[in-house]
Amino acid sequence: ARAQTMEITEKPDVNYDDIGGIDDQVREVREAVEQPLAQPELFENVGIEPPAGVLLYGPPGTGKTMLAKAVATQTDATFIKMAGSELVRKFIGEGSRLVRDLFEMAREREPAVIFIDEIDAIAATRTESKTSGDAEVQRTMMQLLSEMDGFDERGDIRIIAATNRFDMLDDAILRPGRFDRLIEVPEPDGEGRQQIFEIHTRTMNVDDDVDFEVLAEQTVGFTGAEIESVTTEAGMFAIRDDRTTVGQSDFEAALEKIEAGDAEVVTSAN
Ligand code: ATP
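Criteria and thresholds
- Residues numbered from 1 in each chain as written.
- Predicted model: local features only at pLDDT ≥ 70, side-chain atom pairs only at ≥ 80, totals over all residues.
- Heavy atoms only, no water.
- UniProt positions renumbered as here; feature names shortened; annotations may be inferred.
- Helix = DSSP H or I, 4+ residues; strand = E, 2+ residues; numbered from the N terminus.
- Contact = heavy atoms within 4.5 Å.
- Polar contact = N/O pair within 3.5 Å; in protein donor to acceptor, adjacent residues only side chain to side chain.
- Axes fitted to C-alpha atoms, helices over the stretch in contact; angles between N-to-C directions.
- Parallel < 35°, antiparallel > 145°, perpendicular 65-115°, else oblique.
- Left-handed = near helix turned anticlockwise from the far one by under 90°.
- Nonpolar A, V, L, I, M, F, W, Y, C, P; charged D, E, K, R; others polar.
- Phe/Tyr/Trp six-rings, centres within 6.5 Å; stacked < 30°, edge-to-face > 60°.
- Buried < 20%, exposed > 50% of the residue type's maximum accessible area, 1.4 Å probe, protein only.
- Core = buried A, V, L, I, M, F, W, Y, C linked by side-chain atoms within 4.5 Å.
- Bend = angle between axes of the 7 residues up to and from the residue.

Visitor: Kindly report on the UniProt feature "binding site: ATP" (unreviewed entry) in the protein chain, identifying the contributing residues and their values.
Guide: Feature annotation in UniProt assigns "binding site: ATP" (unreviewed entry) to the following positions: Gly-61, Thr-62, Gly-63, Lys-64, Thr-65, Met-66 and His-200. One can find Gly-63 in the loop between β2 (53–57) and α4 (64–74). Mapped onto the fold, Lys-64 is located in helix α4. Those residues in contact with Lys-64 that lie beyond four places of it in its chain are Leu-56, Tyr-57, Gly-58, Pro-59, Phe-115, Ala-162, Thr-163, Asn-164 and Val-185. Side-chain polar atoms of Lys-64 contact the backbone oxygen of Pro-59, separated by 2.7 Å.

Take a look at the structure:
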C-alpha cells in the first residue's frame, strides 16, 4: 500500500544537461547533495558536516523535481518522491507512519535521494485555529524532523524538499541540522528560456528557420514546464498540417495558443 503514495525510481534518467537556465542552482545542489553522497571523505577530512537537508523553493514548473532527480541519476541512487499533501491524513498517526515508511524505504534502498514536494503542506506556519487536523499535521512534521535528526549526514541518504510557498514555512524546519541549505529556483531569464527551448527540441525535427533566441524573447515569464508545452504543441501543429518538420510559425502558433490559455499546461512528473 505504501508504494501508492511514494514514487520510487530505481534508475532515474534525468541528467544535469537536461536542465536549462539554472546553472548556479545545479552547482549548489551538486555541492550540497551530490558530493556528500559521492565523496563523503571530503567532509570527513575537513571535519565538517554537509547540509542536512536542502530546500528548493520557487514557482511551479521551474525544474525543482528535475534537479532532485538529476542528483539521484548522477549518484546511482534510488529516487523516492513523496508529495507533502499525501502526508496530510485523516487518521491519527497515519501521516507519521508514512514518514517512517519513507525513511525505511530509503534505508532499504540506499543510496537514496528522498524528495518531498510541497513540503508546505505539512510545514506551514500554524494558524491560531487549533483544530485536531492541525495537531495531526504538526505530529507528521515532528516525525519528519526526528527522522532527519536521527540520520547520519555523511550517510547514504540525502533529503531534498521543495515548495512554491516559501513565505508560508514554519521556521522550525529551517533550523541547523534540518533544511539548512536554501536554494531558490527562479523562473528562467531570456538566455535560460533559449536553453530550455534547445533542450526540449533536441529530439525534434526542427526547420532551419526556427530561431530560439526570438522565441525566448517572446516567452517572458514562461517557466520550463510552459516552454516544454510550447514545443509539444508546436509539434502538434506540424502533425495536423501533415508535415514531419516543425517550423518557426508552428512555434509561434503554439505560443499564441498557450498564451490564450487554450492549452493545458501540464507539469509532468518527470
Ligand atoms: P512543481 O513545483 O510543480 O513540482 P518543479 O519545479 O518541480 O514544479 P519540474 O517538475 O522539475 O518542476 O518540471 C516540470 C517539467 O517542466 C519537467 O519535466 C521539464 O520537462 C520541464 N522543465 C521545468 N524546468 C525546466 C528547466 N529548467 N529546464 C528544462 N526543462 C524544464
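Next comes the rest of the account.
Visitor: Would you mind going over the packing of helix α2 (residues 23–38) against α4 in detail, with residue names and values included?
Guide: At their nearest, the axes of α2 and α4 sit 10 Å apart, and the two run at 50° to each other. Viewed along their axes, α2 and α4 adopt a mutual orientation that is oblique. Every pair of crossing elements has a handedness; the one defined by α2 and α4 is right-handed. Taking contact as the criterion, the partners of Gln-25, Val-26, Val-29, Arg-30, Val-33 and Glu-34 in α2 are, on α4, Leu-67, Val-71 and Gln-74. For the contact of α2 with α4, the residue count by class is five nonpolar, two polar and two charged.

Visitor: Explain the packing of aromatic side chains to me, using residue names and the numbers behind them.
Guide: Within the structure shown, the criterion is met by five aromatic pairs. Taking 6.0 Å as the distance between ring centres and 25° as the angle between the ring planes, the aromatic pair formed by Phe-79 and Phe-115 counts as stacked. Highlighted residues: Phe-79 in strand β3 (residues 78–83) and Phe-115 in strand β4 (residues 112–117), separated in sequence by 36 residues. In this structure, Phe-79 and Phe-115 share a single accessibility class: buried. Plain terms: the ring middles of Phe-197 and Phe-251 are 6.4 Å apart, the flat faces sit at 80° to each other, and that makes the pair edge-to-face.

Visitor: Outline the side chain of Glu-136, listing residues and values.
Guide: Its place among the elements puts Glu-136 in helix α7 (residues 132–150). At a separation of 2.9 Å, a polar atom in the side chain of Glu-136 contacts the main-chain amide nitrogen of Gly-93. In terms of polar contacts, Glu-136 uses its side chain to reach the side chain of Arg-139, at 3.0 Å. What Glu-136 contacts, discounting residues up to four positions off in sequence, is Arg-89, Phe-91, Ile-92, Gly-93, Glu-94 and Gly-95.

Visitor: An account of the nonpolar core is requested, with residue identities and associated values reported.
Guide: In this structure, Phe-103, Ile-119, Leu-144, Ile-159 and Phe-179 are the most contacted members of the largest nonpolar core, which totals 30 residues. Contributing elements (two or more residues each) for this core: β3, α5 (94–108), β4, α6 (120–123), α7 and β5 (157–163). Broken down by element, the residue count for this core peaks at six residues, all from α5. With sequence-adjacent residues up to four places away left out, Ile-119 is seen in contact with Leu-55, Leu-144, Ala-161, Ala-162, Thr-163, Leu-169, Ile-173 and Phe-179. In terms of nonpolar packing, the next biggest core, distinct from the first, is built from 25 residues, Val-14, Phe-115, Ile-160 and Ile-183 among them.

Visitor: Give a description of α2 that names residues and reports values.
Guide: When the local axis directions of α2 are compared, the greatest deviation, roughly 40°, occurs at Arg-30. When we look at burial in α2, the residues that qualify are Gln-25, Val-26, Val-29, Ala-32, Val-33, Glu-34, Pro-36 and Leu-37. Structurally, α2 contributes buried residues whose contacts are with α3 (40–46), β2, α4, β4, β5 and β6 (179–184).

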